[in-house]
Structures are given as structure tokens and as C-alpha cells.
Amino acid sequence: MILLLSLAAAIGTWRLASGPMFALSRIDVRGNVRSRTEEVLAGLEPWRGKNVLAMDLRAVAERVERLPWIERVTISKRLPDGLAVTVVERRPAALWRVERELWWVDASGRVVAPFDARREREGAVIVTGARSALPRAVSLLEVLRAEAPEYAAALSEITVLADGGFGMMDSIFRRPVRVLSQDAGEKIRALLAARGLLERRGWEARAIDLRFADRIVLVGAFGAGNAL
């Protein structure tokens, strides 16, 4: 009799656990800004209606992590019929220009997703150069943001030069500024410190070259031969 009662209880428990009460019907998505909630939900659609108790959360997380902006995801069960999905997105660092297209690049230099001018209005530094050079270009940008924030805020474009350096355009000097990545922060700070002197002397140049040791070189007409 005891065995029969135990068997009946086990069958009842199994039927309850595998029944519609535990079928996935609620998915709560948090932490997403650039990834639309409907995109996350669409990725999880194959699990809708499946038993939450038996669900393999690792497989669910891997599916969400395939979305372009998702860097990592945490998923937990909300019994009886729900999942809580918390995502951490990649941080946009710059825009990569490829012919007439713009692509978002994250802080590691990884190409993430195309820029959609219909949905996005925020400005960003535009990087021009080979895809393989993006990590170096973004690293330069991060250094400038940390060491010369005034200049980084005025920066509009970074171009990867053939010699391994970088050319930059900004709204402060309004002409190309050429740097090497290893001392860019130090050189830009020196250039900002010399800005008043350049303006008082009326020195003009087509470009400012900071790739020389202990010198600020003004290149082109009206600036040829001038150096600080």
C-alpha cells in the first residue's frame, strides 16, 4: 500500500511538473539599450511553451549572445512559467567608415552593427582605415579620452596612416593633427598648452605633425619651417 501511494505521489508530481503550469510564457528582458527587446524575444521564441523546469539555460544564453550588441547575458528561472534575462551590451566606441557605409565599433575594436541614421542621432568619432587597424585606432581614442578629454570631446575623425601613425581632425585646431599611438596623449596635451602661442604668433599650417621627438611641427604654407 505504501509503495502504491508513493508511486501515485510521484506520478502526480511528474504530471504537475511537466504540465502547462510550467510552460514558458513570460520573459522579462532587462539591461538592453541598443538591442531591441523584440529582437531578444524573437531569439528566444523556440523556447516559448517549453517546460521551464527542464530548460537548459546555457543553450538559451548562447542564443541571446548571438545578437550583435550583446556582450554577456545572465538568465534565471522565474517559476512557474517565466525567465528573467539580464544583458550587458557592448559599449560603442566609434564609427568605422567603409566607402559609404558606417559601422559601430566597440571598445575592443570589434565591428558590431551597421549605423542606422533613421534610428540613431548621436555623434561619434569616425575611423577610416583597414579593419585590422581598428583595435589600434580605438585604443588611441580611449587613451585620448582618458589623458586629453578636452581634445577627445572635440575630435571628429581618425584616419589610419600608411606609416602606422594616425591623422586626426577636430574642432579646436581645424586641420589634420598627426600622431603616433605611443605618446599621443602627452603630445596632444603639449599641443593644447601651446595653442595660445600659436594663435598669438599667427602661425598657420595645413597640418600639425606631432610624430617627432620634443617638437610640434607646422606643415605647409605659412607654417613651413616653424616648429616648437
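Just above sits the structure.
Let us look at the structure shown here. The shown structure was predicted, so the numbers you read here are calculated from the model rather than taken from an experiment. (Residues numbered from 1 in each chain as written. Predicted model: local features only at pLDDT ≥ 70, side-chain atom pairs only at ≥ 80, totals over all residues. Heavy atoms only, no water.)

## Focus on the pattern of salt bridges
According to the stated counting rule, one finds 14 salt bridges in the structure shown. In this structure, Arg-48 and Glu-45 form a salt bridge, with 3.4 Å as the shortest nitrogen-oxygen distance. For Arg-48, a relative accessible area of 33% gives the class partly exposed. Residues Arg-175 and Glu-204 are paired through a salt bridge, measuring 2.8 Å at the closest nitrogen-oxygen approach. With Arg-175 in the loop between strand 9 (166-170) and strand 10 (177-179) and Glu-204 in the loop between helix 7 (195-201) and strand 11 (207-209), this residue pair connects regions lying 29 residues apart in the sequence. When salt bridges that share partners are traced, they join Arg-91, Glu-142 and Arg-145 into one network. (Salt bridge = Lys/Arg side-chain N within 4 Å of Asp/Glu carboxyl O. Buried < 20%, exposed > 50% of the residue type's maximum accessible area, 1.4 Å probe, protein only. Helix = DSSP H or I, 4+ residues; strand = E, 2+ residues; numbered from the N terminus.)

## Quick look at the sheet that holds strand 3 (residues 82-89)
Ordered by their spatial adjacency, three strands build an open sheet running 1-3-2, and the pairing between neighbours is mixed. Strand pairing shows two members of the sheet lacking a second neighbour, strand 1 (26-30) and strand 2 (70-78), which therefore form its edges. Ignoring strand direction, the axes of neighbouring strands in this sheet form an average angle of 20°. Here eight bridges tie strand 2 to strand 3, and the two strands are oriented antiparallel to one another. Within strand 3, the position partnered with Ser-76 by the bridge is Ala-84. Taken strand by strand, helix 3 (residues 57-64) contacts strand 2 and strand 3, and its axis lies near 145° from that of strand 2. (Pairing = 2+ DSSP bridges. Axes fitted to C-alpha atoms, helices over the stretch in contact; angles between N-to-C directions. Contact = heavy atoms within 4.5 Å.)

## Some words on the environment of Val-125
Looking at the secondary structure, you find Val-125 in the loop between strand 6 (111-114) and strand 7 (126-128). As for Val-125 and Ala-93, which are separated by 32 residues in sequence, their C-alpha atoms are 7.9 Å apart. Look past the residues within four positions of Val-125 in its chain and what remains in contact with it is Ala-94, Leu-95, Leu-141, Arg-145, Leu-155, Ser-156, Glu-157 and Ile-158.

## Thoughts on the packing of aromatic side chains
Per the counting criterion, the structure on display carries two aromatic pairs. Among the aromatic residues, those joined into a ring-pair cluster are Trp-69, Trp-104 and Phe-115. Lying across the ring of Trp-69, Arg-34 places its NZ or CZ 5.0 Å from the centre. Directly above the aromatic system of Trp-104 lies the positively charged group of Arg-34, at a separation of 4.7 Å from the ring centroid. (Phe/Tyr/Trp six-rings, centres within 6.5 Å; stacked < 30°, edge-to-face > 60°. Lys NZ or Arg CZ within 6 Å of the ring centre and 35° of its normal.)

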